[in-house]
Amino acid sequence: MGRRSLLWTIAPPLFVILAVAIALVTGFTGRSVRSFFVARTAADLENQARLTMRDLSPLVAADDHAAIQELCRNIGPVTGVRFTIIGPDGSVLGDSQGDPRTMDNHAGRPEVAAALAGKPGRATRYSATLGNRRLYVALPAQDETTPFVVRTSMSLADLNSLISSINRRIATSGVILFLVASGAVLLLSRSLGLSLDRLRRGAEQLAEGNFAVDLDVGGPKEIVTVGEAMQHMSAKLQEQLETIESERNELKAVMGSMVEGVMAVDRAEIVFGLNLAGARMLDTATPAAMGRTIQEVGRNRHLTALVQAVLADSNTHEADIHLTMPEERWVQVHATPLLAADGTLLGALLVMNDITRLRRLETMRRDFVANVSHELKTPITAIKGFTETLLEDPPETAGERDRFLTIINNQSDRLEAIISDLLDLSRLEQETDMGSLAKTPTALAPLVDRVIQESVNDQVRAGGRITIACPRDLRIDANPSLIAQAVGNLLANALKYSPEDSPVTIACSLESGEVRLAVTDQGPGIAAEHLPRLCERFYRVDKARSRQLGGTGLGLAIVKHIAQAHGGRLDIRSRLGAGSTFTLILPHEDRS
Ligand code: ADP
């Protein structure tokens, strides 16, 4: 990324600072050592000058140049110092290393000039006489009657080599110090870098969701503290993520187990939420619907229009929508605007209720009313027509009049039968709804016998057409009169719809904890396509034949209802030309 590492950030400036600091210390120390030694040497030279001054005074007073020269030559080699004695006019009176006679006037030398002016003088310069760089110190002998100047000097060569050697050592120490400090910097930055690298790797693992990562990275206190803070943050983060996850799962579970379909659509009409029930209603799967438009997911222009209406006016809209895939369905859709906390419109929320059953019931109710009206209208029209004829245009013969009256009588019976069956059905429905069906433990065989006694005429009974196979100990917990009515209806149908001499069997059994009462005939049988609708009210395979036989089309509807009211069911098996078996299946009486 073009960024420098910690080492390259810290090391160069530190190296520069170290180098400058060491150079400054070395330079400063060198200068101090130099001035210390120069000051010491100058003090020594001053002392030497002062010491010789006493011996020189009488000689200068006596103007004894030879003695002065002699003294200089004696003490010069002993002390290693050059002595020069200068008169008040600047002329050289004696010199430990030169010949005064050949030496020029020294009044112009700065140290001498200062001493002649009465102050100690000092100078450092190259000596043409001795050919080296020297330190000169000149002191005036002012107390004396004859003033003179004693100048001492020393070569700086030895001092310089001493100072150089000290400077070299200081510089060497500086370099060693630099190397040690650099090594320390490298080690430190490397250890810091390693700790930071461990922190970085820990943070990366955290970002990938590995909350079990150990962030105890070691190193300096500050980095350890950062690691601890990150560890704490990771624990908090994990806690929050778990909370979010569990809330999301709860929401998902609630949405998933809802019977109503729920769909969320954003402002661009893109689906961003759909529960299982909704997906089923729209014949899709939740993952497939996500990110697709409502047009693609719903495939219904009314549904799209509903969403668009909500998005346009931010109001609630409702509509019953007819879906055809995967099967015909009616869905009541309640669409409300989805609003953010600040009231801005985010999209639309659709709650879908499957009202197919309700619609079907509605249709059934309408059909039933139409069917009842139609069924009642036929006998009423006949009764009315024949009654009017009898009144307005009475038949001439008694036979004709009896025929009319017989028709009126038959149609009244039919009307009564229909109304009686309808009343039975409605009473049954009421009792079932209210749970007020009175049940008593009932033995099945006597009940069947009673039905045959009451509803089958003597001739048929005597003809031996009916066979009963019912164990005497079989008992049911039921409403005896309703079960008798159901058995009576089934027996009547079997006798009605099969040839007069063909046998009918009533067989009772106990199978898998259920009591089965099967009425079997060897009549014409029923085609498979009619079987599912046979128990519908007023449904008949052959309308004319049923009417002719006095049927109302409500018999099997009543049987089915009675079975259901007892927690049982009616099973129908039939094949064209192979007879039919209608089995009433009821729960066995539990006597334990
Ligand atoms: P219905 O009063 O017409 O007999 P049901 O509800 O009892 O009305 O029966 C409905 C229709 O089922 C009948 O019209 C008839 O076509 C058919 N059905 C009922 N029982 C039998 C049977 N045992 N054999 C053949 N068809 C039958």
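Now for a description of the structure that goes with this document. (Residues numbered from 1 in each chain as written. Predicted model: local features only at pLDDT ≥ 70, side-chain atom pairs only at ≥ 80, totals over all residues. Heavy atoms only, no water.)

Taken as a whole and judged by the stated rule, the model has 27 salt bridges. Between Arg 101 and Asp 99 there is a salt bridge, and its shortest N-O distance comes to 3.3 Å. Classification of Arg 101 by relative accessible area gives exposed; the value is 74%. A salt bridge links Glu 245 to Arg 248, with the nearest nitrogen and oxygen atoms 3.5 Å apart. Here the residue Glu 245 and the residue Arg 248 both occupy positions in helix 5 (residues 221-256), the gap between them amounting to three residues, near one helical turn. Looking at Glu 245, the relative accessible area reads 38%, which means it is partly exposed. A single salt-bridge network, built from bridges that share partners, covers Asp 197, Arg 200, Arg 201 and Glu 204. (Salt bridge = Lys/Arg side-chain N within 4 Å of Asp/Glu carboxyl O. Buried < 20%, exposed > 50% of the residue type's maximum accessible area, 1.4 Å probe, protein only. Helix = DSSP H or I, 4+ residues; strand = E, 2+ residues; numbered from the N terminus.)

Right, let's get into the nonpolar core. Counting residues in hydrophobic clusters, the biggest one holds 51 residues, and the most contacted among them are Leu 444, Ile 483, Leu 491, Ile 506, Leu 517, Leu 570 and Phe 582. Broken down by element, the residue count for this core peaks at nine residues, all from helix 14 (residues 480-497). Formed jointly, this core draws a minimum of three residues from each of two domains, domain 3 (360-434) and domain 4 (440-587). Beyond its immediate stretch of four places on either side in the chain, Leu 570 contacts Leu 490, Cys 535, Leu 556, Val 559, Lys 560, Ala 563, Phe 582, Thr 583 and Leu 584. (Core = buried A, V, L, I, M, F, W, Y, C linked by side-chain atoms within 4.5 Å. Domains from an automatic or database assignment. Contact = heavy atoms within 4.5 Å.)

Between its first and last C-alpha atoms helix 5 spans 51 Å; for 36 residues at 1.5 Å apiece the expected length is 52 Å, and the two agree. Here helix 5 has its buried residues at Ile 223, Gly 227, Met 230 and Ser 234. The secondary structure elements touched by the buried residues of helix 5 are helix 4 (157-207). (Expected span 1.5 Å × (residues − 1).)

Taken in spatial order, the five strands of this open sheet run 12-14-15-17-16, and their pairing is mixed. With partners counted over all chains shown, the strands left at the sheet margins are strand 12 (466-469) and strand 16 (569-574), one partner each. Within the sheet, the average angular offset between the axes of one strand and its neighbour, ignoring direction, is 15 degrees. Direction of pairing for strand 14 (residues 504-511) relative to strand 15 (residues 514-521): antiparallel, over a ladder of eight bridges. When the sheet's bridge partners are listed, Ile 506 is paired in strand 15 with Val 519. (Pairing = 2+ DSSP bridges. Axes fitted to C-alpha atoms, helices over the stretch in contact; angles between N-to-C directions.)

Read across the open sheet, the five strands follow the order 2-1-5-4-3; overall the sheet is antiparallel. Strands with a single pairing partner mark the edges of an open sheet, and in this sheet they are strand 2 (92-95) and strand 3 (121-127). The sheet shows a mean angle of 25 degrees between the axes of neighbouring strands, direction not considered. The pairing of strand 4 (residues 132-140) with strand 5 (residues 149-155) spans seven bridges and is antiparallel.

What follows deals with the site of the ligand. The full set close to the ligand counts 20 residues, and Asn 493, Tyr 497, Asp 521, Ser 546 and Thr 552 are the nearest of them. When the ligand is considered free in solution it has 530 Å² of accessible area, and contact with the protein chains removes 96% of it. Mapped by element, the contributors of at least two residues to the shell around the ligand are helix 14, helix 16 (555-565) and strand 17 (580-587). Here the element with the most residues in the shell around the ligand is helix 14; it accounts for four residues. Of the residues that constitute the shell around the ligand, the class distribution is nine nonpolar, seven polar and four charged. (Near = heavy atom within 4 Å. Areas by Shrake-Rupley, 256 points an atom, 1.4 Å probe, with all protein chains shown as cover. Nonpolar A, V, L, I, M, F, W, Y, C, P; charged D, E, K, R; others polar.)

Looking at chain direction, strand 8 (residues 317-323) and strand 9 (residues 329-339) are connected through seven bridges and run antiparallel. Bridge pairing links Leu 323 to Arg 329 in strand 9. Where strand 8 folds back onto strand 9 in an antiparallel hairpin, the turn is made up of five residues. Both strand 9 and strand 10 (residues 345-354) contribute to a ladder of nine bridges, which runs antiparallel.

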